[in-house]
Amino acid sequence: MKVSVAALLLTPVVVSGSGVQFSRTVTSIADDSSFALKFDSGCSSSDDYGSNDCSFAWGDEVTGSVDGELGHDLNEGSTFDVNLKVDRIISWKFSCATCGENCTTTVPVVNQKVNFAMPECPVAASAISEVIDQVLPTDPPTDGVKVSASGSVDVKDESGAAVLALDLDITIQ
């Protein structure tokens, strides 16, 4: 899977007051792979997989890195699955190929369609290192309404074996 997809799902993360809050738990990772998400500031804890329990205010510059190792190729038939509950009620579930086609989903509540290209197959086994340097918008996209999402993101190879599985809790306000 391209790291930018992981960064897209993981970069903005948990809220106190107005902003973005995020926590994550890595529940599984392939023996031949590694993963670390590290932010330069804004997080109150860390573990073997990097920064955790993070809070960012609107307008903050969020900096850090995503580093890891994909230990084996991801071929046609490999997938990533997102299974979230928005505000504990609304299901946001989708599955996409990790390579070779576009990924399309509709964001619940706002009913916004999102479509992004995935890399060509295969995604070669390799080291992954990507810098995060993102400025959050100064105004919340939810007009100050608190929205939360919690659930899981799973990346599986073409045999169905877990490459990376994690649980997320995200709140924006």
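Each chain carries its own residue numbering, running from 1 in the written order of its sequence. pLDDT decides what is reported in this predicted model: residues at 70 or higher carry local features, side-chain atom pairs at 80 or more are listed and counted, and totals for whole chains, interfaces and linings draw on all residues regardless. Think of the side-chain values as coming from all heavy atoms in the structure, minus any hydrogens and water.

A. Main features of unusual backbone geometry. Cis geometry is found at the peptide bond from Cys121 to Pro122, where omega equals -10°. One non-glycine residue, Val109, lies in the positive phi region at around 75°. Going along the chain from the N terminus, every DSSP run of H or I of four or more residues is numbered as a helix, and every run of E of two or more is numbered as a strand. Here Val109 shows up in the loop between strand E8 (102-107) and strand E9 (112-117). In this model, Asn111 sits at a positive phi of 55°, which is unusual for a non-glycine residue. Counting through the fold element by element, Asn111 comes out in the loop between E8 and E9. The classification of residues rests on relative accessible area computed with a 1.4 Å probe and restricted to protein chains. Under 20% of the type maximum is buried, over 50% is exposed, and intermediate values are partly exposed. Classification of Asn111 as exposed rests on a relative accessible area of 64%.

B. Molecular detail of the state of the cysteines. Any cysteine sulfur atom paired with another within 2.5 Å is treated as part of a disulfide. Per the counting criterion, the structure on display carries 3 disulfides. Each sulfur in the disulfide pair Cys96 and Cys103 lies 1.9 Å from the other. In this structure, the disulfide formed by Cys96 and Cys103 twists by about 65° around the S-S bond and is classed as right-handed. Here Cys96 matches Cys103 in class, with each residue buried. Across the disulfide, Cys99 is cross-linked to Cys121 (sulfur-sulfur distance 2.0 Å).

C. Seen up close, the pairing of strand E6 (residues 79-86). Both E6 and strand E7 (residues 90-97) contribute to a ladder of 8 bridges, which runs antiparallel. By the bridge assignment, Asn83 is partnered in E7 with Lys93. Only strands that DSSP links by at least two bridges are regarded as paired with each other. Counted along the chain from E6 to the antiparallel partner E7, the turn is 3 residues long, and its residue Asp87 has a positive phi close to 50°. Bridge analysis of E6 against strand E11 (residues 147-156) gives 8 bridges, and the strand direction is antiparallel. Along E11, the bridge assignment pairs Thr79 with Lys156.

D. Summary view of the environment of Pro108. Mapping Pro108 onto the fold places it in the loop between E8 and E9. The class for Pro108 is buried, based on a relative accessible area of 16%. Sequence-distant contacts of Pro108, defined by excluding residues within four places in its chain, comprise Val86, Ile90, Ser91 and Trp92. The contact criterion used is simple: two residues touch if any of their non-hydrogen atoms lie within 4.5 Å.

E. Seen up close, the pairing of strand E4 (residues 50-57). Judged from the 4 bridges that link them, strand E1 (residues 19-29) and E4 form a sheet pairing that is antiparallel. When the bridges of E4 are listed, Gln21 appears paired with Ser55. Pairing between strand E3 (residues 43-47) and E4: 4 bridges, direction antiparallel. Bridging across to E4, Ser46 finds its partner in Ser51.

F. Seen up close, the confidence of the model for the protein chain. Here the protein chain averages 90 in pLDDT, while 90% of its residues score no lower than 70. Per-residue confidence from the predictor is reported as pLDDT, which spans 0 to 100. Here residues 1-16 is a poorly scored stretch, pLDDT under 50, and it has 58 contacts once near neighbours within four places are set aside; other chains count.

G. The packing of aromatic side chains, seen in detail. Between the rings of Phe, Tyr and Trp (Trp by its six-membered ring), a pair exists once the centres lie within 6.5 Å; its type follows the angle of the planes, with under 30 degrees stacked, over 60 edge-to-face, and the other angles tilted. In this structure the tally under the stated criterion is 4 aromatic pairs. Taken together, a centroid distance of 6.5 Å and an interplanar angle of 80° make the contact between Phe22 and Phe39 edge-to-face. Separated by 17 residues along the polypeptide, Phe22 in strand E1 and Phe39 in strand E2 (residues 34-39) bring together distant segments of the chain. With a relative accessible area of 8%, Phe39 lands in the buried category.

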